[in-house]
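Residues per chain, in single letters:
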Amino acid sequence: MGWLNYQGSSRRLFGNSKAAIVGAIEIYNKPRFEYRDEVFVILLMNAWELLLKAIVSKSGSRIYYTKKRGEPYRTLTCQDAFRVAANSSLWPKSIPSQAVDANIELLSTYRNSAVHFYNEKAFSALIYSLAQTAILNYRDLASHVFGKDIADEITWRIMPLGIENPIDPVEFMKGSPGSSPKSRAVQDFLAYLKERTDALESDGIDTERLLTVFDVSLQSVKKIDRADIVVGVTSEDLADSVVVSRKVDPNVSHPYRQKDVLPKLKRPTTRYEWQAVTFIHEMREEPRYCWRDKDANLVKWSPDAIQYFNRLSEAQIGKAKEEYSASFRK
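Parameters at a glance
- Residues numbered from 1 in each chain as written.
- Predicted model: local features only at pLDDT ≥ 70, side-chain atom pairs only at ≥ 80, totals over all residues.
- Heavy atoms only, no water.
- Helix = DSSP H or I, 4+ residues; strand = E, 2+ residues; numbered from the N terminus.
- Polar contact = N/O pair within 3.5 Å; in protein donor to acceptor, adjacent residues only side chain to side chain.
- Axes fitted to C-alpha atoms, helices over the stretch in contact; angles between N-to-C directions.
- Parallel < 35°, antiparallel > 145°, perpendicular 65-115°, else oblique.
- Contact = heavy atoms within 4.5 Å.
- Nonpolar A, V, L, I, M, F, W, Y, C, P; charged D, E, K, R; others polar.
- Salt bridge = Lys/Arg side-chain N within 4 Å of Asp/Glu carboxyl O.
- Buried < 20%, exposed > 50% of the residue type's maximum accessible area, 1.4 Å probe, protein only.
- Left-handed = near helix turned anticlockwise from the far one by under 90°.
- Phe/Tyr/Trp six-rings, centres within 6.5 Å; stacked < 30°, edge-to-face > 60°.
- Lys NZ or Arg CZ within 6 Å of the ring centre and 35° of its normal.

Caption draft 1: Region of the structure containing the side chain of R209. Looking at where R209 falls in the secondary structure, it is placed in the loop between α7 (184–202) and β1 (232–233). In this structure the side chain of R209 is engaged in a polar contact, spanning 2.9 Å, whose partner is the side chain of D140.

Encoded structure:
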């Protein structure tokens, strides 16, 4: 068996990982799918395990355990792959591994014990918040290590449409007067979540990488004023799709001047670095990130612009600086 590549192919591992997480997101957003949460989490955890093994492989470490006589080769478990990946030089310092580990462990517990939770209808609220955080963690880690943003694989934002309003996971955990008692399995799960949260906070680690809590407000609107409508069409006969959005005050959506942006970035950043990245990545041409007041010759930035910059690796920032500098020499 000397032909076995003990490191595996990081490129193929990451490719399969991307396919798994995109498949997981597609399944979760299906309105009717039996065993949806369980299948979604199984695929999500598969995506994470493959991503971690891809990082282990890229770091030059083995993804296989030492072979024992008479037994087949075995790849690292997700837990062991996480340990090796988190201790490698590829893991970004901006992402606290302890919180990511707790998030993955809780989702893994749900996956391994899915049979105990399937009949708890409201439990999906908590799984959603854990999983949403896992996806954001995955995106940031994959972008840093492999320079690939999984957002490029998903072309539309998903709206929370349904018969019932979205459930607040915090209110679910608190319980409400007259609500049905939670099963012992769910109570144990919530107790363990609290234990991990307390441990992270006592170590001074931000729990945003563990659980995402959303404040969702849906309002019914009787009509939309013609002046506030922006319509986008994909065919001349208007048959394919129409997008309607309301105007937003740019002073609210893009509140930051460059001097306000720099202190909010995770890494110490010079004005030149910010200008290089925003120019090379064409952020100045993207309304989501940049707004220009032509009358006042003013450029302002949105919170999304800060998040975009924070997801870039040092290599990506360095490359942008080189290309920006070269553009002046042409």
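From this point, the discussion proceeds with the structure in view.
Caption draft 2: Seen up close, unusual backbone geometry. Positive phi values are uncommon outside glycine, yet E282 reaches one of about 55°. Considering the arrangement of structural elements, one finds E282 in the loop between α10 (271–280) and β3 (290–293).

Caption draft 3: Summary view of the packing of α10 against helix α12 (residues 314–329). Two elements in contact, α10 and α12, have axes separated by 8 Å at closest approach and are oriented at 85°. In terms of their interaxial angle, α10 and α12 are classed as roughly perpendicular. Facing Y272, E273, Q275, A276, V277, F279 and I280 of α10, the residues of α12 in contact are I317, A320, K321, E323, Y324, S325 and S327. Partitioned by chemical class, the residues of the contact of α10 with α12 number 8 nonpolar, 3 polar and 3 charged.

Caption draft 4: Representation of the pattern of salt bridges within the structure. If you walk through the whole model with that rule in mind, you get 10 salt bridges. One salt bridge in this structure joins K53 and E49, with 2.9 Å as the shortest N-O distance. Pair noted here: K53 and E49 are both in helix α2 (residues 36–58), with a separation of 4 residues, about one helical turn. For K53, a relative accessible area of 7% gives the class buried.

Caption draft 5: Seen up close, the packing of helix α1 (residues 10–28) against α2. Running from amino to carboxyl end, α1 crosses α2 at an angle of 160°, the nearest separation of the two axes being 8 Å. As summarised for this structure, α1 and α2 are arranged roughly antiparallel, according to the angle between their axes. Viewed along their axes, α1 and α2 form a crossing whose handedness is left-handed. Partitioning the contact of α1 with α2 into residue classes produces 16 nonpolar, 6 polar and 4 charged.

Caption draft 6: Examining the packing of aromatic side chains more closely. Enumeration according to the criterion identifies 11 aromatic pairs in this entry. Centroid distance Y289 to Y308: 5.3 Å. Interplanar angle 55°. Geometry classified as tilted. Taken together, the residues Y289 in the loop between α10 and β3 and Y308 in helix α11 (residues 303–311) connect sequence positions 19 residues apart. Taking the relative accessible area as the measure of exposure, Y289 reaches 9% and is therefore buried. An aromatic cluster of at least three residues, connected via ring pairs, comprises Y28, F40 and Y128. The ring centre of Y28 lies 4.1 Å from the NZ or CZ of R36, which sits over that ring. Across from the ring centre of Y73, 5.6 Å away, lies the NZ or CZ of K67, which sits over that ring.

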